[in-house]
Amino acid sequence: MEKSEFVYVTYIRTTPEKLWQALTDVKFMKQYWFGVQCHCDWKAGSSWKLVYDDGRVADIGEVVEVDPPRRLVIKWRNEWKPELKAEGHSRCTFDLEPWTGAVKLTVTHVIDRAQSKFIEAVSGGWPKVLSNLKSLLESGTVALTEMYKSNDARTQGGQAAGS
Amino acid sequence: MCGVMDAVFKALADESRRKLLDQLHKSNGQTLGELCEHLDMTRQAVTKHLLLLEAANLVAVVWRGREKLHYLNPVPLQEIYGRWVEKYERHRLRALGDLKKGLEQNQPNQKKG
């Protein structure tokens, strides 16, 4: 089947438990996710949502798999850009593996269509979000406070992970 | 994590390895065989370069059955950007902001004078 896929890997000096908490504590998430609020209770089958400060919904989806502190899978669809929404659901997997004094975090984002605009859009944001997450866990501060250089982050196409 | 950044710069300091990254940027998730098709290098040379890129975390490897797929991992590049580009740009932008503020604040005085 045709698909578009990105794989991101970062090694973070922390424990799988702390990283898991950082990935699922919605208050903590907001710090490295450029102020976007996540709504989710992290149970398989539960709804999942990313919401901008002004209340607009960026992305919606569903928790597919929760296996703390190893694996989290989210069914994910963009909600506010019609052409991205039209592409339907993507699948985002977080894999955590202990790695000599650190944790290897692999984020795989895939959609079942070739040349996906959605995957292209999130590919700009994931490195920033993950780099921020790494800085926050290792040094207590985020590296970036804005996703884009200009103020009109949203006109560039999207949600937290950067679509 | 000084050693990590050293590995990234070392990995980038080679034209063949930069070409490999470009190749993955064009089409992500390629096997060794697919990567070799587009490059004028022996399979052994490509393997060696890929190992260095993997060690620098610029290439992420995913096994699909017996296939080893290579993905461009831009996270270390983001860290370089954050440290060597964004940080300095921010200062320049702040300097411009201060200049603008200063000029705008001076305007009424100039009119008075």
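The preceding data block contains the structure.
As a starting point, this report considers the structure included with it.

1. Considerations on the overall build of chain A
Then, number 1: Secondary structure summary: chain A contains five helices and seven strands in total.
Then, number 2: Ordered by position from N to C terminus, the α and β elements of chain A give β-α-α-β-β-β-β-α-β-β-α-α.
Then, number 3: Looking at chain A as a whole, 37% of its 163 residues qualify as buried.

2. Here we look at the interface of chain B and chain A
Then, number 1: Facing 13 residues of chain B, the contacting portion of chain A comprises 14 residues.
Then, number 2: When contributions to the side of chain B that touches chain A are tallied by element, the ones reaching two or more residues are β1 (59-64) and α5 (75-112) of chain B.
Then, number 3: Broken down by element, the side of chain B that touches chain A gets its largest block of residues, five residues, from α5(B).
Then, number 4: When the residues that make up the side of chain B that touches chain A are grouped by side-chain class, the tally is five nonpolar, six polar and two charged.

3. A word on the pairing of strand β3 (residues 47-51) of chain A
Residues and elements named next belong to chain A.
Then, number 1: Note: strand β2 (residues 37-39) against β3, three bridges, orientation antiparallel. Bridged to histidine 39 within β3 is lysine 49.
Then, number 2: Taken together, the five bridges between β3 and strand β4 (residues 57-67) define a ladder with antiparallel strand orientation. Of the residues in β4, the one forming a bridge with serine 47 is glutamate 62.
Then, number 3: Counting the residues that bridge the hairpin from β3 to β4 gives five residues, and of these glycine 55 lies at a positive phi of roughly 95°.

4. Quick word on the environment of Asp112(A)
Residues and elements named next belong to chain A.
Then, number 1: Mapped onto the fold, aspartate 112 is located in the loop between β7 (102-111) and α4 (117-123).
Then, number 2: C-beta crowding within 10 Å serves as the criterion here: with 15 such atoms nearby, aspartate 112 is assigned to the partly exposed category.
Then, number 3: For the pair formed by aspartate 112 and alanine 58, sequence separation is 54 residues and the distance between their alpha carbons is 20 Å.

Calculation rules
Residues numbered from 1 in each chain as written. Chains lettered and ligands numbered in written order. Predicted model: local features only at pLDDT ≥ 70, side-chain atom pairs only at ≥ 80, totals over all residues. Helix = DSSP H or I, 4+ residues; strand = E, 2+ residues; numbered from the N terminus. Buried ≥ 20, exposed ≤ 12 C-beta atoms within 10 Å, placed from the backbone. Contact = placed C-beta atoms within 7 Å. Nonpolar A, V, L, I, M, F, W, Y, C, P; charged D, E, K, R; others polar. Pairing = 2+ DSSP bridges.

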